[in-house]
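Structural overview
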Amino acid sequence: MTLVDRFLKYVSFDTQSDESTGLTPSTSKQMIFAEYLKTELESLGLEDITLDEHGYLFATLPANIDKEIPTIGFIAHMDTSPDMTGKDVTPRIVEKYDGSDIVLCAEENIILSPAQFPELLDHKGEDLIVTNGKTLLGADDKAGIAEIVSAMVYLKDHPEIKHGKIRIGFNPDEEIGEGAHKFDVEKFGCEWAYTMDGGELGELEFENFNAAVAKIVFKGRNVHPGYAKNKMINSIRVANKFISLLPAQEVPEQTTGYEGFYHLIGIQGEVEQTTVTYIIRDHNREKFEDRKKEMERMVAQINAEYGEGTATLELRDQYYNMREKIEPVMHIIDVAFAAMEAVGVKPNVKPIRGGTDGAQLSFKGLPCPNIFAGGLNFHGRYEFVPIQSMEKAMNVIVKIAELVTSK
């Protein structure tokens, strides 16, 4: 089975995660995919294959060299985003893309165009796997899984490439921030690992946001609107007042690079009660803590104006910037950097404007930077992946395995 065949098979599985279930994996369909992968890994002759009740699948490619080599790992996630359906994914390959519009769905006039997505033009002449305009594709992160499995097959088929023990891990629920929560780092047994979960060709990431979620509940007082003067407190209006207190420019659509933000992700309300949910993000830990304090200050301001207990804040940290865990072991970045250059990929070291399983794993004792998987426009109908980028990612995995033996 080729890399492309493998990827096309993987995206046929519907593996959306669901943060509302409270289970791990959050959806049973992820376990169906995990069982398929387990069977495939067994047929490929990998060893120490385990799949636990939570959907964490581990396997080993044994070393083919006698000297003491660090055990390294490669990790990808099995779930796809809840943002758009991943059921009945029907991909097609646009061969030798010519730079023009790609009609994804003619009847609904859904078009993947370089006018909206100029990054398409970076891949002229390449073969693009696209959606039918009705689902996401699932390159996030089934491209990563396909690249890892294909790299293991390549290394088995080319014993002249010497490598140490390699562990691979596929986990559920990354898209809902739960991917690393039940990942058994000790059982995985690596000195370091790489998540194959980045986007564009060349991405190499070891910095990410510090992240928190804030839920604010606003209590109102409902009376008949005809007799409401000086009596009614409309919780929706109070919530709107709170929202207006935050800096208008510090939102995702107005920020880039290392700039943090407050992102309003949900609002549900009636006169009596309104709930507002934010995610808070910043690369700088001090600024991140200041953002949380600002939330607390604003809640206090609302309560001072409308009465104590009008607003209550529930604040929960989600993950932290992995940079502080990677900096002491920067040789693992050097290896990835060298591997990319060796296979003709220009490394693009950049901060992740988001999170990754690798961030949480780094804080659990497994340093785990992130490498490109090749896909673009994740989580929606305009997602695509160049086949050549997937091939390069697979080559990077193989080269990392080889370079570690020379360290």
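Going by an unreviewed UniProt entry, the protein chain carries the name Peptidase T and comes from Bacteroides faecichinchillae. Recorded in UniProt for the protein chain, the comment headed Subcellular location (unreviewed entry) runs: "Cytoplasm". UniProt's Function (unreviewed entry) comment on the protein chain is quoted here verbatim: "Cleaves the N-terminal amino acid of tripeptides."

Along the chain, the position of V103 falls in strand β5 (residues 102-105). With 193 residues separating them in the primary sequence, V103 and E296 have C-alpha atoms 48 Å apart. If we ignore the near neighbours within four places in the chain, the residues touching V103 are R92, I110 and I111.

Close contact between helix α1 (residues 3-10) and helix α2 (residues 28-43) brings their axes to 12 Å; oriented N to C, the two are set at 150°. When the axis of α1 is compared with that of α2, the two are roughly antiparallel. Here R6, K9 and Y10 of α1 come into contact with α2, specifically with F33, Y36, L37 and E40. Considered class by class, the residues forming the contact of α1 with α2 number four nonpolar, no polar and three charged.

With that settled, consider the packing of helix α3 (residues 139-157) against helix α10 (residues 387-404). With their axes 9 Å apart at the nearest point, α3 and α10 run at an angle of 50° to one another. Judged on the interaxial angle alone, α10 and α3 are oblique. Classified by chirality, the crossing of α10 by α3 is right-handed. Of the residues in α10, those in contact with A143, A146, E147, I148, S150, A151, M152, Y154 and L155 of α3 are M390, A393, M394, I397, V398 and A401. The residue inventory of the contact of α3 with α10, partitioned by class, reads 13 nonpolar, one polar and one charged.

The next point concerns the packing of aromatic side chains. In this structure the tally under the stated criterion is 14 aromatic pairs. For the ring pair F13 and F33, a centre distance of 5.0 Å and an interplane angle of 35° mean the geometry is tilted. Placement of F13 in the loop between α1 and α2 and of F33 in helix α2 is noted, with a sequence separation of 20 residues between them. With a relative accessible area of 0%, F33 lands in the buried category. Taken together, a centroid distance of 5.1 Å and an interplanar angle of 75° make the contact between F183 and F188 edge-to-face. Three or more aromatic residues joined by ring pairs form one cluster here, namely Y10, F13, F33 and Y36. In this arrangement the basic side chain of K142 is found over the ring face of F33, its NZ or CZ atom lying 5.4 Å from the centre.

Cut-offs used in this document
Residues numbered from 1 in each chain as written. Predicted model: local features only at pLDDT ≥ 70, side-chain atom pairs only at ≥ 80, totals over all residues. Heavy atoms only, no water. UniProt positions renumbered as here; feature names shortened; annotations may be inferred. Helix = DSSP H or I, 4+ residues; strand = E, 2+ residues; numbered from the N terminus. Contact = heavy atoms within 4.5 Å. Axes fitted to C-alpha atoms, helices over the stretch in contact; angles between N-to-C directions. Parallel < 35°, antiparallel > 145°, perpendicular 65-115°, else oblique. Nonpolar A, V, L, I, M, F, W, Y, C, P; charged D, E, K, R; others polar. Left-handed = near helix turned anticlockwise from the far one by under 90°. Phe/Tyr/Trp six-rings, centres within 6.5 Å; stacked < 30°, edge-to-face > 60°. Buried < 20%, exposed > 50% of the residue type's maximum accessible area, 1.4 Å probe, protein only. Lys NZ or Arg CZ within 6 Å of the ring centre and 35° of its normal.

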